[in-house]
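Residues per chain are reported as follows:
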Amino acid sequence: MTLAQHTTASTATTGHRDRMLGLLRRRPPRTSLEAPLYTDPDLFSLDMQGIFATQWFFATTEAEIPEPGDYVTVDIGTLSLIIVRDDDGQVNALHNVCRHRGARVMTDRRGTTARLTCAYHSWTYATDGTLLHASSPGETFDRTCFSLRTAHVRSVCGLVFVCTAAEPPTDIDDLAATVTPYLAGFDIASAKVATRIDLMEEGNWKLTMENNRECYHCGGHPELACSLFATWGLTADTVPPELAADWDRSLLADAALRERCTTHGLPWDIVEHLTDRDAGFRISREALDKAGESFSVTGERLSRKLMGDLPDFRLGRTSLHVQPNAWFHGLSDHVITFAAYPVSADRTLVRTTWLVAEDAVAGEDYDVDELTHVWRHTNSQDADFVQLAQQGVSSPAYVPGPYMRSEDQVEAFIGWYTDHMIRHLDHLDHLDPGERS
Ligand code: FES
Ligand SMILES: [Fe+2]
């Protein structure tokens, strides 16, 4: 029995499943979801099973765990994982559940340890999950049967994805093959973590993701608007007259960027597979406004050191969206990763991590406050938007509303979610009772 099926057996009653299927199947295209899909704890549990127990999701970066024994913990719903580098340099994802009587083993968000020791009765595991020590005088048992359970791990250019399903979707190979030419030059695995910030958004994880997938609301981001063209997400026929000058400037900047990328042999095409596969993604390289170097108020670099082996400070932003829970921005001088970890039906932890070049020195090459200025404010503004949305969908007066053309990627995300949940719930429908229990 897989973990997904086991979890399903404990929580997914036929009633919840049928109700959710009904809500998903009757969604008109390009329309936001009905309220229970954002607010109901039982349907949140089904999200965790149908999406986060079946798909790859972004967990962390290799830069967070450069040395053996370095680990981070990642909590999603009731799931808890330890992402740890073992003595052989391998990255492992271990379920944070003791094999004795199930206690949580590691409670800190990150750290370094030679051994993973459960605080309850001191069962002790190696960093590959092997049970090393279980004190029980006068008793013998086969320790090899009680390693921490593992999940699948896949590093794509230093971005660590995890899948807890018995048989993970295989099309992450396509994602890796496509994005590697865009990301390899940043050398994320060897980067230095400048800082990271955890922000609890008071909203359902899908509202966090929806908010990220459009810039219709970017008027609410004055700091970001300094370097991000206000026309992002628009097309020639959807640009309003008041943004015509911005549109023209962005076209010129994009043309210059493409010329520069061609000179350096770097890809810049938009590649989008958000809806037609399990590991849905979109990658692009787009120009930034003003100085065009980084996410700063002036568009100028925020770190004096180039990432990895990039050849130029003026390479715009390389942006990657990955379903279901992550987005990334690669600038020549730093990389920002964003992970959305669902906590409950109405709470989502957004972890933002700023990476700089391996040899960049704080206070000399970059200033953490300056480095994080734009996205600290932008994240805070986004958290407010998500909270407003959660408050609204929780009202009895809420009815689903239409996605605008500038919200195509919101529709892509919700379409992907809807298709995958229907497929998962349909699959449950076809399991015989013996397979469900
Ligand atoms: S539950 Fe972990 S040692 Fe007992
Ligand atoms: Fe935003």
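Parameters at a glance
Residues numbered from 1 in each chain as written. Chains lettered and ligands numbered in written order. Predicted model: local features only at pLDDT ≥ 70, side-chain atom pairs only at ≥ 80, totals over all residues. Heavy atoms only, no water. UniProt positions renumbered as here; feature names shortened; annotations may be inferred. Donors = N, O, S within 2.8 Å, 3.2 Å for Na, K, Ca; no water. Tetrahedral: all angles 85-135°; square planar, octahedral: opposite > 155°, others 65-115°. Helix = DSSP H or I, 4+ residues; strand = E, 2+ residues; numbered from the N terminus. Buried < 20%, exposed > 50% of the residue type's maximum accessible area, 1.4 Å probe, protein only. pLDDT = per-residue confidence, 0-100. Contact = heavy atoms within 4.5 Å. Core = buried A, V, L, I, M, F, W, Y, C linked by side-chain atoms within 4.5 Å. Domains from an automatic or database assignment. Pairing = 2+ DSSP bridges. 1 Å grid on protein atoms, 1.4 Å probe; cavity = no way out; pocket = protein on both sides within 12 Å on 5 of 7 lines; lining within 4 Å. Points joined across faces, edges and corners; volume = space filled by probe spheres on them. Nonpolar A, V, L, I, M, F, W, Y, C, P; charged D, E, K, R; others polar. Disulfide = S-S within 2.5 Å.

Under the heading Cofactor (unreviewed entry), UniProt records this for the protein: "Fe cation".

Quick notes on the coordination of the iron ion (ligand 2)
Surrounding the iron ion (ligand 2) are the protein donor atoms His 217 (NE2), His 221 (NE2), Asp 382 (OD) and Asp 382 (OD), at 2.0 to 2.7 Å. Around the iron ion (ligand 2), the four donor atoms are arranged such that angles at the metal cover 53 to 147 degrees; this shape is classified as irregular. Every donor residue of the iron ion (ligand 2) comes from the same chain, spaced as H-x3-H-x160-D. Of the two residues, His 217 is situated in the loop between helix H6 (205-212) and helix H7 (244-264) and Asp 382 in helix H8 (residues 368-393); the sequence distance between them amounts to 165 residues. Residue His 217 shares its accessibility class with Asp 382, and that shared class is buried.

Points about the confidence of the model for the protein
For the protein, mean pLDDT is 94; residues scoring 70 or higher make up 95% of the total. This stretch, residues 6-10, has a pLDDT under 50; its non-local contacts, to residues over four places away or in other chains, come to seven contacts.

With respect to the UniProt feature "domain: Rieske" (unreviewed entry) in the protein
Per the UniProt record, the feature "domain: Rieske" (unreviewed entry) sits at residues 56-162. The straight-line gap between the two end C-alpha atoms of residues 56-162 is 5 Å; of that span, 0% is helix and 42% is strand.

Some words on the nonpolar core
Among the nonpolar cores identified, the biggest contains 105 residues, and Met 20, Ile 83, Phe 161, Val 162, Trp 205, Leu 320 and Tyr 417 are the most heavily contacted of them. Per-element accounting of this core gives the leading share, nine residues, to helix H9 (residues 408-430). Split by domain, this core shows at least three residues from each of two domains, domain 1 (3-56 + 399-436) and domain 2 (57-156). Ignoring anything within four residues of it in the chain, the contact list for Met 20 reads Leu 37, Leu 43, Leu 46, Asp 47, Tyr 417, Met 421 and Leu 425. Ranked by size, the runner-up nonpolar core spans 14 residues in total, among them Leu 94, Cys 98, Met 106 and Leu 148.

Quick word on the sheet that holds strand E7 (residues 124-125)
Spatial strand order, E6-E7-E8: three strands in an open sheet with antiparallel pairing. At either end of the open sheet lies a strand with only one pairing partner, and these are strand E6 (116-117) and strand E8 (131-133). Here E6 runs beside E7; their pairing, made up of two bridges, is antiparallel. Note that in E7 the partner of Leu 116 across the bridge is Tyr 125.

What about empty space enclosed by the protein?
Following the criterion strictly, the structure yields four cavities of 30 Å³ or more and no others. Its volume calculated, the largest cavity comes out at about 280 Å³. Forming the walls of the largest cavity are 23 residues, and the residues nearest its centre are Asn 212, Leu 224, Trp 327, His 329 and Trp 375. Sorting the residues of the lining of the largest cavity by element identifies H6, strand E14 (317-322), strand E15 (326-330) and H8 as the ones contributing at least two each. Per-element tally for the lining of the largest cavity: the top contributor is H8, with four residues. Of the residues contributing to the lining of the largest cavity, the split by class is nine nonpolar, ten polar and four charged. Volume-wise, the second largest cavity comes out at about 80 Å³.

As for the state of the cysteines
Working definition of a disulfide: a covalent bond connecting the sulfur atoms of two cysteines. In total, this model carries one disulfide according to the counting rule given. The residue that forms a disulfide with Cys 215 is Cys 218, at a sulfur-sulfur distance of 1.8 Å. Between Cys 215 and Cys 218, the S-S torsion sits near -100 degrees, and that sign places the bridge as left-handed. Under the relative-accessibility criterion, Cys 218 is labelled buried at 13%. Here Cys 145 stays unpaired: no disulfide links it, and the sulfur of Cys 98, its closest cysteine neighbor, is 15 Å away.

Focus: the layout of surface pockets
In this structure, the largest pocket encloses a volume near 620 Å³. Forming the walls of the largest pocket are 29 residues, and the residues nearest its centre are Gly 233, Leu 234, Ile 270, Arg 282 and Glu 286. Put simply, the parts of the chain that give the lining of the largest pocket at least two residues each are H7, strand E13 (281-286) and H9. The dominant element in the lining of the largest pocket, judged by the number of residues it contributes, is H7, at six residues.

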